[in-house]
Amino acid sequence: MMTQADAEGDLNSLVAYISPLRRWWWLLLTSTLVATLSMALATFTEPTQYSSRATVMIGASIRDPNPNSGELYLAQQLVATYVDLIQRASVSAPAMAALGMTRLPDYTARQAPGTQLMEINVIDTDPARAQAVGQALIDQLIALSPEGLQEQKRADFIEQELDALQAGITETKAEIERRQSELAAMFSARQIADAQAQLDALQSKLSSLQSNFTALLATTQKGAVNTLTVIEPPSTGAPIDNNMLYKLLMAAAIGCLLAMGGAYLLEFLDKSFKNSDEVQQRLGLATLSAVPEIELDKAPHTHKLHRFLQSKRDSAHITRTGRAPGATERLASAPLSANNNPSLVMLHDNQSPAAEAFRVLRTNLQFAAVAHPVRSLVVSSPLPAEGKSLISANLAIAAAQAGNRVVLIDCDLHRPRQHHVFGLGNGLGVTTALLGIEGVALEQFLQPGPLPTLRIMTSGPLPPNAPEMLGSARMSALLAEIGQQADLIIIDSPPASVLADAAVLSHQVDGVLLVLHAKQTSRDVAKRTVAALRQVQAHLVGVVLNRMPTRGHGYSSYYSYYNYDYSRQYYRRDDALVGGALPVTPARPASNGKLSLSPIPFITTTRSEPPHA
């Protein structure tokens, strides 16, 4: 008896088989439409076809009142021989020569089942030509038969003569009967003698006609088995139905089947991750969030100009004070160029699907930290250009909007990005903090971010020995010192499958978040990356699918249903909370009947604990 679990398993298997067709629905639709339209166009443009039919009988048993079974069987065997013969060059070549053609149209010959009849069908675009070709084929077939064409004409002549003799015999007999009746009424001897002489002459004529008829009849081939008789001569070609509906249905079916095969082939060749189920099956990791493609065209495009102006201000500051901008004491409320970076959707497009995905990521990290507290997190990816830097930046903003003190550290000492993302100077950073500049406090290495509770440590000057610096005791001490001032440390690290930096950093943090580019990151590369991190006993908290396609997956439609206009019936935003941040918090009734709000902490451990090694 099938259990509910078995039924659900079968349903999941069916859904897995259908999933490629759902993902490639546009390919199925396009292929079906193209095949159908192509067939319709070909059918409409092709010329009208005409069919000319003829029927030839082998043998003369149909005229024999007492045919025997041997003659019938032999005639049917001869029909099969003539069907094969008419399709050979010995018949088609003379027919072409007789008509002055270089190629005969399509024609077929078949035996009517269980009979001695052969049916010939000629198909051509010209009805008269189809009829002429059918007649020429029959003539050539008769010429190759034992009768031959001349024999056939001679036989026709004999038939005509026999018909004339038969008519003469019938007339003579009638005349004799008339004369005999007249003779009975005569009384004159002279009349009787004349009438008797005429009767004798008529009897002599009848005997001669009968003798001639018998002699001609003996020379005919009536009753011969191997003879050809045209029962139905070729008719003028009749138009053929083009079966439009049947052709269109067949073309649509073939196009759809080819597209289905192509969809399954593409799915077989595609080694990337397309959904969270594949991540769970292939890597054994939970997908904490799926971030859609960030639409940059909806945000302002002045970040390049702002970075240029910021660099000019940094140069002027160094000239005036002799210190890098990172070492200056900047106000938390000072405007930052990050406000003009469209990639920071948590600041500029807080109601977009991408922003909601980062809030989901923040929430899932909170739940993931219940059993294993996460106060420091490395964000990495298997390969470059998979979006780990933007994921780190937006996650840091999302955590800060929830009221947490967040420090974002750019530990990608090969291709740092955070100072570009936030429009900051990169004079001081991780490398200078590790070197320990005398007289420079830790606060001066941390630059203020776009929110008061968010600070950023850029990479600083790029060193030649990045893995050694990141794995040093000074790096552990630096993280411990920063951990005393922050609720959450987010570290942007280099790709884990390319460089050893992420593996080195994983020993000094509480967890590693892996960023995968949906429909691009190879499963094999991701497996090797996870295996390498687990080999060094890194704590993988989960995966983020970045640039997740929204078309065809219901992502945008689901989010648009629960949009800001709908959700504000149950939630409200407090712009004054956390210095202008926009956290979403559930409304709770207070004792005085009004609603009260409180930020949700990111972690539950005390701030005096050092980062997990």
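Residues numbered from 1 in each chain as written. Predicted model: local features only at pLDDT ≥ 70, side-chain atom pairs only at ≥ 80, totals over all residues. Heavy atoms only, no water.

Participant: Explain the overall build of the protein to me, please; I cannot follow it from the model alone.
Facilitator: A tally of regular secondary structure across the protein gives 21 helices and 17 strands. Taking all 613 residues of the protein together, 40% fall into the buried category. When contacts within the protein are restricted to residue pairs at least 6 apart in sequence, long-range pairs at least 24 apart make up 78% of them. By element, 58% of the accessible surface of the protein is carried by carbon and sulfur atoms, the whole surface being about 32,500 Å². (Helix = DSSP H or I, 4+ residues; strand = E, 2+ residues; numbered from the N terminus. Buried < 20%, exposed > 50% of the residue type's maximum accessible area, 1.4 Å probe, protein only. Contact = heavy atoms within 4.5 Å. Areas by Shrake-Rupley, 256 points an atom, 1.4 Å probe, with all protein chains shown as cover.)

Participant: Explain the sheet that holds strand β7 (residues 376–380) to me, please; I cannot follow it from the model alone.
Facilitator: Across a sheet, paired strands are connected by hydrogen bonds in the backbone, their directions being either parallel or antiparallel. Pairing is mixed across the open sheet formed by eight strands, whose spatial order is β6-β13-β12-β7-β11-β8-β10-β9. Either end of the sheet is taken by a strand with one partner, and the two such strands are β6 (287–292) and β9 (447–448). By the bridge criterion, five bridges tie β6 to strand β13 (residues 540–548) in an arrangement that is parallel. Across the sheet, Thr287 pairs through a bridge with Val543, a residue of β13. Most of the contacts of helix α17 (residues 473–483) go to strand β11 (residues 488–492), to which it runs at about 140°, and overall it touches β8 (406–410), β10 (454–457) and β11. (Pairing = 2+ DSSP bridges. Axes fitted to C-alpha atoms, helices over the stretch in contact; angles between N-to-C directions.)

Participant: Any chance you could explain the packing of helix α3 (residues 69–86) against helix α5 (residues 127–144) here in plain terms?
Facilitator: Between two packed helices, what matters for the description is the angle formed by their axes and the separation of those axes. At a minimum axis distance of 11 Å, the contact between α3 and α5 shows a crossing angle of 120°. By the angle class used here, α3 and α5 are oblique. Judged by the sense of rotation from one axis to the other, the crossing of α3 with α5 is right-handed. Residues Tyr82, Leu85 and Ile86 of α3 touch α5, and the partners they reach there are Leu137, Leu141 and Leu144. In terms of residue class, the contact of α3 with α5 is made up of six nonpolar, no polar and no charged. (Parallel < 35°, antiparallel > 145°, perpendicular 65-115°, else oblique. Left-handed = near helix turned anticlockwise from the far one by under 90°. Nonpolar A, V, L, I, M, F, W, Y, C, P; charged D, E, K, R; others polar.)

Participant: It is not clear to me how unusual backbone geometry should be interpreted in this structure. Could you clarify?
Facilitator: Negative phi is the rule for most residues except glycine; trans is the rule for most peptide bonds. Although it is not a glycine, Ala385 sits at a positive phi angle of roughly 60°. With respect to the secondary-structure elements, Ala385 resides in the loop between β7 and α13 (388–401). Backbone geometry at Lys519 places phi at a positive 65°, although glycine is not the residue there. Checked against the element boundaries, Lys519 lands in the loop between β12 (511–517) and α19 (523–535).

Participant: What should I look at first to understand the packing of aromatic side chains in this one?
Facilitator: What describes a pair of aromatic rings is the distance from one ring centre to the other and the angle between the planes of the rings. With the rule as written, the count across this model stands at one aromatic pair. With a centroid separation of 5.5 Å and 45° between ring planes, the pair formed by Trp24 and Trp26 is classed as tilted. If you follow Lys271 out to its NZ or CZ, it ends over the ring of Phe268, 5.1 Å from the centre. Over the ring of Trp24 we find Lys519; its NZ or CZ atom is 6.0 Å from the centre of that ring. (Phe/Tyr/Trp six-rings, centres within 6.5 Å; stacked < 30°, edge-to-face > 60°. Lys NZ or Arg CZ within 6 Å of the ring centre and 35° of its normal.)

Participant: What's the story with helix α9 (residues 276–283) in this structure? I'm lost.
Facilitator: It helps to recall that an α-helix has 3.6 residues per turn; residues three or four apart then point in one direction. If you check which residues of α9 are buried, you get Glu278, Val279 and Leu283. Buried residues of α9, viewed axially, fall in a sector of 105°; they line one side. The N-terminus of α9 is capped by Asn275, whose side-chain oxygen sits 3.2 Å from the backbone nitrogen of Asp277. (Arc of directions from axis to C-beta. Polar contact = N/O pair within 3.5 Å; in protein donor to acceptor, adjacent residues only side chain to side chain.)

Participant: Just checking my understanding: could you explain the side chain of Asn546 for this structure?
Facilitator: As for its placement among the helices and strands, Asn546 is situated in strand β13. Here Asn546 is in contact with Val291, Glu386, Gly387, Ile391, Val515, Leu516, His517 and Ala518, once residues within four sequence places are set aside.

Participant: Hey, could you run me through the side chain of Asp492 in this one?
Facilitator: Checked against the element boundaries, Asp492 lands in strand β11. Given a relative accessible area of 0%, Asp492 falls into the buried group. Among residues more than four places away in sequence, those in contact with Asp492 are Val379, Lys388, Ser389, Ser392, Ile409, Asp410, Cys411, Asp412 and Gln418.

Participant: Would you explain the pattern of salt bridges in this entry?
Facilitator: Two side chains carrying opposite charge are able to pair once their charged atoms lie near each other. What the rule picks out here adds up to twelve salt bridges. Residues Lys247 and Glu46 are paired through a salt bridge, measuring 3.3 Å at the closest nitrogen-oxygen approach. With a gap of 201 residues between them, Lys247 in helix α8 (residues 244–269) and Glu46 in the loop between α2 (25–45) and β1 (50–58) connect regions that are remote in the sequence. The class of Lys247 is partly exposed, set by a relative accessible area of 26%. Ionic pairing is found between Arg359 and Glu356, a salt bridge with its closest N-O pair at 2.9 Å. Of this pair, Arg359 and Glu356 both sit in helix α12 (residues 353–368), three residues apart, roughly one helical turn. On the basis of relative accessible area, Arg359 is assigned to the buried category, the value being 7%. Judged by relative accessible area, which is 30%, Glu356 ranks as partly exposed. (Salt bridge = Lys/Arg side-chain N within 4 Å of Asp/Glu carboxyl O.)

Participant: Please clarify how the confidence of the model for the protein should be interpreted in this entry.
Facilitator: The predicted coordinates should not be examined in detail at positions where pLDDT is low. With 75% of its residues at a pLDDT of 70 or more, the protein shows a mean pLDDT of 78. Put simply, strand β17 (residues 595–596) is where the protein has its lowest mean pLDDT, 33, and β8 is where it has its highest, 97. In the model, residues 322–336 has pLDDT below 50 throughout and makes 32 contacts with residues more than four positions away in sequence or in other chains. (pLDDT = per-residue confidence, 0-100.)

Participant: Please explain the environment of Leu27 as it appears in this structure.
Facilitator: Within the fold, Leu27 resides in helix α2. The exposure class of Leu27 is partly exposed, given its relative accessible area of 22%. Between the C-alpha atoms of Leu27 and Leu258, which are 231 residues apart in sequence, the distance is 9.9 Å. Other than its neighbours up to four places away in sequence, Leu27 contacts Ala259, Ala263 and Leu266.

Participant: How should the pairing of β11 be read in this particular structure?
Facilitator: For a regular strand, side chains alternate in direction, first toward one face of the sheet and then toward the other. Buried residues dominate β11, accounting for five of its five residues. One ladder, built from five bridges, connects β8 with β11; its direction is parallel. From the neighbouring strand, Asp410 faces β11, where its bridge partner is Asp492.

Participant: Help me out: how do you make sense of a nonpolar patch on the surface in this one?
Facilitator: On the surface, Trp25, Trp26, Leu29, Leu33 and Leu37 cluster together to form a nonpolar patch covering roughly 560 Å² of accessible area. Summarising the element assignment, Leu33 is placed in helix α2. Its relative accessible area of 46% is what places Leu33 among the partly exposed residues. (Patch = residues over 30% accessible without salt bridge, like charges linked within 9 Å, V, L, I, M, F, W, Y side chains within 5 Å.)

Participant: What exactly am I supposed to notice about the nonpolar core here?
Facilitator: The nonpolar side chains of a soluble globular protein tend to be buried, and buried together. Ranked by size, the top nonpolar core spans 43 residues in total, and within it Ile409, Met457, Met475, Ile491 and Leu516 carry the most contacts. In contact with Ile491, other than residues within four places in its own chain, are Leu377, Val378, Val379, Ile409, Cys411, Leu479, Leu505 and Val509. By size, the runner-up hydrophobic cluster in this structure holds 37 residues, among which are Val374, Ala399, Val421 and Leu488. (Core = buried A, V, L, I, M, F, W, Y, C linked by side-chain atoms within 4.5 Å.)

Participant: Whenever I open this one, the environment of Ala132 confuses me. Can you help?
Facilitator: Mapping Ala132 onto the fold places it in helix α5. Distance from Ala132 to Ser235, taken between C-alpha atoms, is 9.2 Å for residues 103 residues apart in sequence.

Participant: Help me understand α19, please; the structure alone is not making it clear to me.
Facilitator: The end-to-end C-alpha distance of α19, which contains 13 residues, comes to 18 Å, matching closely the 18 Å that a straight helix rising 1.5 Å per residue would cover. Where α19 is buried, its residues meet α9, α18 (501–506), β12 and β13. For α19, the N-terminal cap is Ser522; the gap from its side-chain oxygen to the backbone nitrogen of Asp524 is 3.3 Å. Looking one or two residues past α19, Gln537 carries a phi angle of roughly 60°, positive in sign. (Expected span 1.5 Å × (residues − 1).)

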